[in-house]
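# Fold and geometry: a report
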Amino acid sequence: MQMKNTQVMNRRNWLVACVAAVMLGCGGGIAPEGDGTGDGNGSASAGDGGKLKVTATVNMVGDLVRQVGGEHVEVTELMGPGVDPHLYQATQADLSKLRKADVILYVGMHLEGKIQDTLEKMNGQGRKHSVSVTKDIDKTTLLKDPEAAEYPDPHIWFEVPLWAQTVDVVVETLSKADPANKADYEKKGAAAKDKMTALQTWVTDTIKNLPEEKRILVTSHDAYSYFGRAYGFKVVGLQGISTVSEAGLADRTKLVDFIKEQKVKAIFVETSVSPEAIKAIASDAGVVIGGELFSDAMGKLGQIEHGNDVGTYEGMIKHNVSTIVNALK
Ligand SMILES: [Zn+2]
């Protein structure tokens, strides 16, 4: 996504816009670090005994592919832990990974703003499938980026039932590329959706421990609007939906005032965004950093934090929710 002048000018009104947008939406929506070493010949079939080579952009998508693809796929991720997809530019090595893949899966909706065109163009090259996992999402359920009305907010993985809608696209895409294992992809896809249903129950039960008036989430960037809508939080991000721009001084002052007025106990840094601005605000507002949240990147597969493997989608969501509830209650 290109930075727009209007976006810069509008940033002045960010606080009003963010709070308003989230409040409108509030109120009960329901709704490895792996580097593929295969050097395939681009054959889009696992029928030769090899595994289907799948390249995912961010690790939330990599997790989906591991769940649905299981032993039939070899997953490569372009962006590891701590990497910001809004700013991400592909290297030559990445382009090579993309070219070698049988299947490419990405979030889309301009999350991977600087490489989305490349991803789209790769679809249909040779026998390659390059597909956005959000392509079939019910568009009426999407939130807008308040500062770029033409784009939806891409951070849908924080509303678990919405992210569950992406599973069918993964099943469909892997099945097209590897029809021999279609039945297994369908079975594993159904299991993945069941897991997300259970996760949604866990999240709503855990959040019940936090009184409604304490559900205010202040973070670096607006990655949590869907989370706010789904679970009843007011969400304020210092930067807009994308991390392309820096927060201005006026924004910081407003945020400090807001935190004091609302008696917010803690604010949060994100693993994929520089923490300096949020740390300065915490100091000015006299509040603590409540912990580090995963936003646009998960942790490393096998990295256990308080009993959760934050390299998995389920573990990442549980880590965030526990961190938020414990710090704010
Ligand atoms: Zn983001």
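See the structure above.
Residues numbered from 1 in each chain as written. Predicted model: local features only at pLDDT ≥ 70, side-chain atom pairs only at ≥ 80, totals over all residues.

## Focus: the overall build of the protein
- Along the backbone of the protein there are 12 helices and 10 strands.
- Residue burial in the protein is summarised as follows: out of 329 residues, 48% are buried. (Helix = DSSP H or I, 4+ residues; strand = E, 2+ residues; numbered from the N terminus. Buried ≥ 20, exposed ≤ 12 C-beta atoms within 10 Å, placed from the backbone.)

## Examining the sheet that holds strand β3 (residues 103–106)
- One open sheet holds the four strands; their spatial order is β2-β1-β3-β4, and the pairing between them is parallel. In this open sheet, the two edge strands, each paired with only one partner strand, are β2 (73–77) and β4 (129–132). With strand direction ignored, the average angle separating the axes of adjacent strands in the sheet is 20°.
- By the bridge criterion, four bridges tie β3 to β4 in an arrangement that is parallel. When the bridges of β4 are listed, L105 appears paired with V131.
- Across the sheet, helix α3 (residues 59–69) touches β1 (52–56), β2 and β3, and the angle it forms with β2 is around 175°. (Pairing = 2+ DSSP bridges. Axes fitted to C-alpha atoms, helices over the stretch in contact; angles between N-to-C directions. Contact = placed C-beta atoms within 7 Å.)

## With respect to unusual backbone geometry
- Positive phi is not limited to glycine here, since H110 has a value of about 65°.
- Mapping H110 onto the fold places it in the loop between β3 and α5 (116–122).
- Even without a glycine there, the phi angle at H306 is positive, about 50°.
- Looking at where H306 falls in the secondary structure, it is placed in the loop between β9 (304–305) and β10 (308–309).

## Side note on the nonpolar core
- In terms of nonpolar packing, the biggest core is built from 80 residues, with V61, V65, L105 and V170 touching the most fellow members.
- If you tally residues by element for this core, the top one is helix α12 (residues 313–328), at seven residues.
- In this structure, this core is formed jointly by two domains, domain 1 (10–28 + 207–328) and domain 2 (52–202), each of which donates at least three residues.
- For V170, the contacting residues outside a window of four places in its chain are L64, V65, V68, L105, V133 and G189. (Core = buried A, V, L, I, M, F, W, Y, C linked by C-beta atoms within 7 Å. Domains from an automatic or database assignment.)

## Let's talk about the pairing of strand β8 (residues 288–293)
- Pairing geometry for strand β7 (residues 266–270) and β8, over five bridges, is parallel. Across the sheet, the residue bridging to F268 is G291, located in β8.

## Overview of the packing of helix α8 (residues 182–207) against α12
- Relative orientation of the contacting elements α8 and α12 amounts to 5°, with a least axis distance of 10 Å. When the axes of α8 and α12 are compared, the pair comes out roughly parallel. Contacts between α8 and α12 involve K195, L199, W202, V203, T206 and I207 from the former and E314, I317, K318, V321, S322 and V325 from the latter.
- Of the residues in the contact of α8 with α12, the class split is seven nonpolar, two polar and three charged. (Parallel < 35°, antiparallel > 145°, perpendicular 65-115°, else oblique. Nonpolar A, V, L, I, M, F, W, Y, C, P; charged D, E, K, R; others polar.)

## Observations regarding the pairing of β3
- Here β3 shows a buried face lined by V103 and L105 and a second buried face lined by I104 and Y106.
- With α5 bridging β3 and its parallel neighbour β4, the resulting β-α-β unit is right-handed. (Right-handed = clockwise from strand over helix to strand, strands pointing away.)

## Overview of the environment of S283
- In this fold, S283 is placed in helix α11 (residues 276–285).
- With 27 residues separating them in the primary sequence, S283 and V256 have C-alpha atoms 9.3 Å apart.

## Observations regarding the environment of S274
- When you line up the elements, S274 lands in the loop between β7 and α11.
- Under the C-beta neighbour-count criterion, S274 is labelled partly exposed, with 13 such atoms within 10 Å.
- Separated by 190 residues in the primary sequence, S274 and D84 place their C-alpha atoms 9.9 Å from one another.

## Side note on the packing of α3 against α8
- Between α3 and α8, the least distance of the axes is 7 Å, while the angle of their chain directions is 125°. It follows that α3 is oblique to α8 by the angle criterion. Facing α3, whose interface residues are Q67, V68 and G69, α8 presents Y185, K188, G189 and A192.
- Residue classes in the contact of α3 with α8 are distributed as three nonpolar, three polar and one charged.

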